[in-house]
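# Reading the structure
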Amino acid sequence: GAQGIGRAVVQSLMQSRAQVAVVDLNRSCGDQCKSELDSEFGADCSIFLQCDVTDADALTAAFQTTVDRFGHLDIVINNAGINEKNWEKTIQVNLTSVIKGTYLGLEHMSKEYGKGGGSIINVSSMAAFLHSPHQPVYTATKHGVIGFSRAMADASSLGGYGVRINVLCPAFVDTPLLLSVEHEDNMGKFVKFKDDFKKSMNHFGVLKPSLIADGMMMLITDDTIHGAVMKITCSKGIHFHTYEPMST
Ligand SMILES: NC(=O)C1=CN([C@@H]2O[C@H](COP(=O)(O)OP(=O)(O)OC[C@H]3O[C@@H](n4cnc5c(N)ncnc54)[C@H](O)[C@@H]3O)[C@@H](O)[C@H]2O)C=CC1
Ligand SMILES: CC/C=C\C[C@H](O)[C@H](O)/C=C/C=C/C=C\C=C\C(=O)C/C=C\CCC(=O)O
């Protein structure tokens, strides 16, 4: 992502000397991000690829371009997310593309395909734990991201993929996405519940994108974390959701 949480994560990755492909639909935002990265880190360490993640062929090509440019892939972050009145589109961006991005990540990193392993982080939301009448479909997609990622993490363990798969669930973060709460184009008829949403935002507080980047870096660098759901909130900071073990 070229703005918001994605932009903060790119900054942290590049400070840690990673080479990064920034994939985003928004060309002007992507060009600006790339030019800032070039000034700070040099032109060879990043690429910007304009891509609609819901276009399966374009997403496939973006992964291939990244591998062709940098030689291999170690980390995939499926971060693109929207809240649109067009609920099918919301599902395509927030869930279908996360699934596609995970499968593509595995094609390029899984030991199953003779690759060297890696790490995938799928971005969900605290909305998956504390739902709001203001965004039912968004909430459903974020539940979906958790279920899919946890099941895939188990598949990776059992299948010997060598790829860690984790989920990151931020609470409210100060990014352009939060502004969509006011707009009928985004919220549709549920925009009338915006006061409920804003009340919740005032109650829980709003996080800075840099803290989400810190959590992301922990998921990337700690190779003991696998199948985890990281939550980031104002009250508890970076912490993990705990699940009851399944009875057999
Ligand atoms: N801001 C918040 O309060 C929270 C955000 N999240 C999640 O974090 C992720 C990032 O969100 P933010 O940085 O806040 O949003 P943002 O709107 O600032 O950034 C999202 C980026 O995704 C890009 N994007 C949108 N549709 C795309 C598509 N079809 N193909 C490629 N790129 C596309 C946008 O151009 C934008 O650069 C999302 O998954 C969001 O649901 C989760 C919890 C809280
Ligand atoms: C239109 C709005 C668009 C984007 C913002 C998203 O909706 C965002 O993904 C939504 C976030 C919702 C957050 C909801 C709850 C936040 C809760 C807290 O901050 C703290 C609550 C509990 C902490 C205890 C725990 O960690 O279990």
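Scope of this entry: the structure provided in the associated data block. Here the structure is a predicted model, which is why all the values come from computation and not from measurement.

Analysis parameters
Along each chain, residues carry numbers from 1 onward, in the same order as the chain's sequence is written. Whichever chain is written first is A, and whichever ligand is written first is 1; the rest continue in order. Selection of residues for local features in this predicted model requires a pLDDT of at least 70, selection of side-chain atom pairs for listing and counting requires 80 or more, and totals for whole chains, interfaces and linings are taken over all residues. Side-chain metrics in this entry use all non-hydrogen atoms of the structure; hydrogen atoms and water are not considered. Numbered from the N terminus, helices here are DSSP runs of H or I no shorter than four residues, and strands are runs of E no shorter than two. It only takes one pair of heavy atoms within 4.5 Å for two residues to be counted as in contact. Nearness of a residue to a molecule or strand requires only that one of the residue's heavy atoms be within 4 Å of it. Under the rule applied, a polar contact is a pair of N or O atoms within 3.5 Å (in protein, one hydrogen donor and one hydrogen acceptor; residues adjacent in sequence only if both atoms are side-chain atoms). To measure how exposed things are, a 1.4 Å probe is used in the Shrake-Rupley method; for residues, cover is taken only from the protein chains shown. Residues are sorted three ways: Asp, Glu, Lys and Arg are charged, Ala, Val, Leu, Ile, Met, Phe, Trp, Tyr, Cys and Pro are nonpolar, and all the rest, Gly among them, are polar.

### Quick look at the environment of Val-181
Position of Val-181 among the secondary structure elements: in the loop between strand E5 (163–170) and helix H6 (184–187). Along the backbone, Val-181 and Val-191 are 10 residues apart, and their C-alpha atoms lie at a distance of 7.1 Å. Ignoring any residue separated from it by four or fewer positions in sequence, one finds Val-181 in contact with His-134, Met-187, Val-191, Lys-194 and Phe-197.

### Observations regarding the site of ligand 2
Taken together, 19 residues are adjacent to ligand 2, and Ser-125, Gln-135, Tyr-138, Lys-231 and His-239 come closest. Taking Ser-125, its side chain carries an N or O atom lying 2.7 Å from an oxygen atom of ligand 2. A distance of 2.5 Å separates an oxygen atom of ligand 2 from a polar atom in the side chain of His-239. For ligand 2, whose accessible area on its own is 700 Å², the fraction buried by protein is 89%. Elements that contribute at least two residues to the shell around ligand 2 include exactly helix H7 (194–204) and strand E6 (229–233). Its residues assigned to classes, the shell around ligand 2 comprises 12 nonpolar, 5 polar and 2 charged.

### Let's talk about the site of ligand 1
Taken together, 27 residues lie around ligand 1, and Asp-24, Asn-79, Tyr-138, Val-173 and Thr-175 are the ones closest in. Between Ile-5 and ligand 1, the recorded distance is 2.8 Å, taken from a backbone N or O atom to an oxygen atom. At a separation of 2.6 Å, an oxygen atom of ligand 1 approaches a polar side-chain atom of Tyr-138. Here ligand 1 has 830 Å² of accessible area as a free molecule, and 93% of this is covered by the chains. Looking at the shell around ligand 1, the elements that each hand over two or more residues are helix H1 (4–15) and helix H5 (136–159). When grouped by side-chain class, the residues that make up the shell around ligand 1 number 16 nonpolar, 8 polar and 3 charged.

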